[in-house]
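Residues per chain are reported as follows:
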Amino acid sequence: MTALAQGAAWMEGRVIPIAEAKIGVTDWGLTHSDIAYDVVPVVEGGFFRLDDYLDRFMASIAAGRYEIAEERAQIRAALTEIIAASGLRDAYCAMVVARGTPRVPGSRDPRDCANHFYAWAVPYVHVIKPEVLETGASVWIGKAVRRIPRDSVNPLAKNYHWGDFTAGLFEAKDAGFETVLLCDHDGNVTEGPGFNAFAVKGDRVVTPDLGVLEGVTRRTALEMARALGMQTEERALPLEEFLEADEVFLSSSGGGVLPITRVDDRVFGNGRPGPVATRLNALYWDWTRRPDLRTEVDYRA
Ligand SMILES: *Cc1c(COP(=O)(O)O)cnc(C)c1O
């Protein structure tokens, strides 16, 4: 075990232990949640779909008008460096661009901020623990809180605007549920803290198209469903339809395909993980071992 085994960060070109990685109190990343980020999973010593995560991160940087010195190749190298230095074989690997601190003290102009890139990695994070999934995971539908509208905060760029999710998580935890899923203002299901949502009816798999992050695991789940001969639909998913599905599941880089056995009062599959989600999750872990989708990490470097 090295000092970096708990996690490592890349800041200003240096690799440091995760506990020492900090940003300043005047950074808009902190004061305004003004951050674009992404998270790529590392599974058994290799990144899964690294280029897809990098594509999304580069698009988020452009959408948020962040300007940093590091280019894609240097970002990729920084991620590889922290994983190799940490020795972590299974990791949650985050890349972040923060607006930074105004170069002109007190400026309210976002163009004055010194944007900066950093990255950090910790041991793999499951958004729902595997033992909870096995016995049946429950999801609360947010009641007092709705997903931030997509014309207010761009959901296509992974971001730190978690006020809606955190309020929803309090509702869910207070009611004894594992996690929360938020609807939009039209009553359609959107997404939850770190995951996309799916409904299965017959041989059709439906997932919301608007007001959600286009999860890389969401894309993987759609590709896997099609590979199994199922029909896939990306469209508005009304809450009533979601609750009437045969089966529902979530997707996230923190765990793959996650079967859900209860949504509010509605119990699915007699409280047992559904066959489609169970099959897709097994296939997900198979696909993480596909050489064409992996980037191996050289830990000797
Ligand atoms: C990260 C995240 C997801 C899932 O995306 P993946 O690329 O599959 O990990 C979905 N919704 C939100 C809000 C997220 O932050």
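1. What to know about the overall build of the chain
Secondary structure assignment for the chain yields 8 helices and 17 strands. The C-alpha atoms of the chain give 19 Å as radius of gyration, which agrees with the globular expectation for 301 residues (19 Å, within 12%). Counting only C-alpha atoms, the chain reaches 55 × 45 × 30 Å along its principal axes. The proportion of buried residues among the 301 residues of the chain is 51%.

2. As for the site of the ligand
Taken together, 16 residues sit near the ligand, with Lys158, Glu191, Val216, Thr217 and Ser253 positioned nearest. Within the side chain of threonine 217, one N or O atom sits 2.7 Å away from an oxygen atom of the ligand. Serine 253 has a polar side-chain atom sitting 2.5 Å from an oxygen atom of the ligand. Contact with the protein chains covers 95% of the free accessible surface of the ligand, which is 380 Å². Within the residue set of the shell around the ligand, elements represented by two or more residues are helix H2 (50-63), strand E9 (191-192), strand E10 (195-201) and helix H6 (216-227). Looking at the shell around the ligand, you find at least three residues from each of domain 1 (3-123) and domain 2 (130-287).

Rules used in this analysis
- Residues numbered from 1 in each chain as written.
- Predicted model: local features only at pLDDT ≥ 70, side-chain atom pairs only at ≥ 80, totals over all residues.
- Heavy atoms only, no water.
- Helix = DSSP H or I, 4+ residues; strand = E, 2+ residues; numbered from the N terminus.
- Rg over C-alpha atoms; globule rule 2.2 N^0.38 Å.
- Buried < 20%, exposed > 50% of the residue type's maximum accessible area, 1.4 Å probe, protein only.
- Near = heavy atom within 4 Å.
- Polar contact = N/O pair within 3.5 Å; in protein donor to acceptor, adjacent residues only side chain to side chain.
- Areas by Shrake-Rupley, 256 points an atom, 1.4 Å probe, with all protein chains shown as cover.
- Domains from an automatic or database assignment.

Purely spatial values, then, with no claim about function.
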